[in-house]
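Structure assessment
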Amino acid sequence: MARNERRGMNEEERSRAKRIAAERAVEEIEDGQTVGLGSGSTAAHAIRELGRRVDAGLDVSGIPTSFQARELAREAGVPLTTLDEASPQVAIDGADQLAAGDLIKGGGGAHAREKIVDSAADELHVVVDATKEADVLDEQIPLEVLPDARTTAARAVKELGGDPELRAAERKSGPVVTDNGNLILDCGFGPIEDPEALAASLAAVPGAVEHGLFVGLADVVYVGKKDGVTVRTV
C-alpha cells in the first residue's frame, strides 16, 4: 500500500495530501472543545488550519505535544492550555507509519508527550498522507530512554530481537536530545506481527520513558490522497 502509493506521488502531491487530510480533520472540531495538538509536518497543517478557524470565530483551546507544536500554535493564534487545566475531547496527530489502526510515531522525537496527550483525549484523529499506510508495521520504533539507561536499554532491545541505534543529531555533534532531556534509540524489528506484545515488552525495559508504538489509540483516520481524503473509523 504505502510503497505503491509512494511511487505514484511526488513531493508536491504528498505535501498537498498532508494538508487536505489535516484540514479535513479540523473541520470536525466544534466550539468549546479542547484539542490535543500533535507534532510533525502533517499535524502542523492542522494547527495552522485551526488557527485560521479561531481567527474566524471558533472558540477552542489547544494542548501542544512539543515545543514545536506550542510555538506554531502561538504563531497561529490558537489559545493554549495544559492537561492540568483541561481534558482534550479530540487530539489531532500524524504518524510515521499506519497499519490497521496501529501507529509508529516518534520521527520527531516527541512521542512521549504525544502519547500522554493522545491517550488523554476522548478521541484520537490521525492525519496522514497515503504513503504512510502499510499492511504491516515495519519501520524503526523510537524508544526514548533516560541517558543513564542508554547501554542497558539497548541491550534489552537486542534481547527482544531488535537492532537499536542511538539517534544522532543532524546539525550538532552528538545525539538527539528530546524535549524531556532524554535520548532516543531507533529500534528495528522488521515486520511487526504482534504490535501489542512488542509494545508491552518495550514498555517494560528499565529506563525506557516511552516507545513509539501507538496500539489501539486511533479512533478516526484521515488519509490524504491525490484525489481527496478518505475517512475511516477504526
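As shown above, the structure is provided for reference.
Treat the numbers as computed from the prediction; the structure is a model and nothing was measured. (Residues numbered from 1 in each chain as written. Predicted model: local features only at pLDDT ≥ 70, side-chain atom pairs only at ≥ 80, totals over all residues. Heavy atoms only, no water.)

So, on to the environment of L103. By the element assignment, L103 lies in strand 5 (residues 102–104). Distance from L103 to E133, taken between C-alpha atoms, is 9.5 Å for residues 30 residues apart in sequence. Not counting the four nearest positions on each side in its chain, L103 is found in contact with A95, Q97, L98, L124, V126, L137, G212, L213 and F214. (Helix = DSSP H or I, 4+ residues; strand = E, 2+ residues; numbered from the N terminus. Contact = heavy atoms within 4.5 Å.)

This next bit is on the sheet that holds strand 9 (residues 183–188). Overall, antiparallel pairing links the 4 strands, which are arranged 8-9-7-10 in an open sheet. Here the strands that pair on one side only, and so sit at the sheet edges, are strand 8 (163–166) and strand 10 (208–211). Across the sheet, the mean angle separating the axes of adjacent strands is 30° when strand polarity is ignored. Bridging between strand 7 (residues 141–145) and strand 9 involves 5 bridges; their strand directions are antiparallel. Residue pairing in the sheet places V145 in a bridge with L183 of strand 9. Packed on one face of the sheet, helix 7 (residues 195–203) meets strand 7 and strand 10 and runs near 160° to strand 10. (Pairing = 2+ DSSP bridges. Axes fitted to C-alpha atoms, helices over the stretch in contact; angles between N-to-C directions.)

Turning our eyes to something else, we now look at the packing of aromatic side chains. Inspection of every chain in the model, using the stated rule, returns 0 aromatic pairs. Here the guanidinium or amino end of K105 rests over the ring plane of F214, the centre of that ring lying 5.7 Å away. (Phe/Tyr/Trp six-rings, centres within 6.5 Å; stacked < 30°, edge-to-face > 60°. Lys NZ or Arg CZ within 6 Å of the ring centre and 35° of its normal.)

The next subject is the sheet that holds strand 1 (residues 34–37). An order of 2-1-3-6-12-13 is seen for the 6 strands of this open sheet, with the pairing classed as mixed. A strand with exactly one partner marks an edge of an open sheet, and here the two such strands are strand 2 (61–64) and strand 13 (228–233). Direction aside, the axes of adjacent strands within the sheet are offset by 20° on average. In this structure, strand 1 lies alongside strand 3 (residues 90–93), joined through 3 bridges in parallel fashion. In the strand pairing of strand 3, V35 is matched with V90.

Here the focus is the nonpolar core. By size, the foremost hydrophobic cluster in this structure holds 23 residues, and its most contacted members are I29, L37, L50 and I92. Counting only elements with at least two residues in this core, the list comes to helix 2 (11–26), strand 1, helix 3 (41–55), helix 4 (67–76), strand 3 and strand 12 (220–225). Ranked by residue count, the leading element in this core is helix 3, at 5 residues. Ignoring any residue separated from it by four or fewer positions in sequence, one finds I92 in contact with A25, V26, I29, V35, G36, L37, G38, A43, A46, H125 and V127. Of all hydrophobic cores here, the second largest spans 20 residues; its members include A153, A154, A199 and V205. (Core = buried A, V, L, I, M, F, W, Y, C linked by side-chain atoms within 4.5 Å. Buried < 20%, exposed > 50% of the residue type's maximum accessible area, 1.4 Å probe, protein only.)

So, about the pattern of salt bridges. One pass over the full model with this rule turns up 14 salt bridges. Among the ionic pairs, E71 bridges to R74, the shortest N-O distance being 3.1 Å. Separated by 3 residues within a single helix, E71 and R74 lie in helix 4, roughly one turn from each other. With a relative accessible area of 32%, E71 lands in the partly exposed category. With a relative accessible area of 53%, R74 lands in the exposed category. Among the ionic pairs, E133 bridges to R232, the shortest N-O distance being 2.9 Å. (Salt bridge = Lys/Arg side-chain N within 4 Å of Asp/Glu carboxyl O.)

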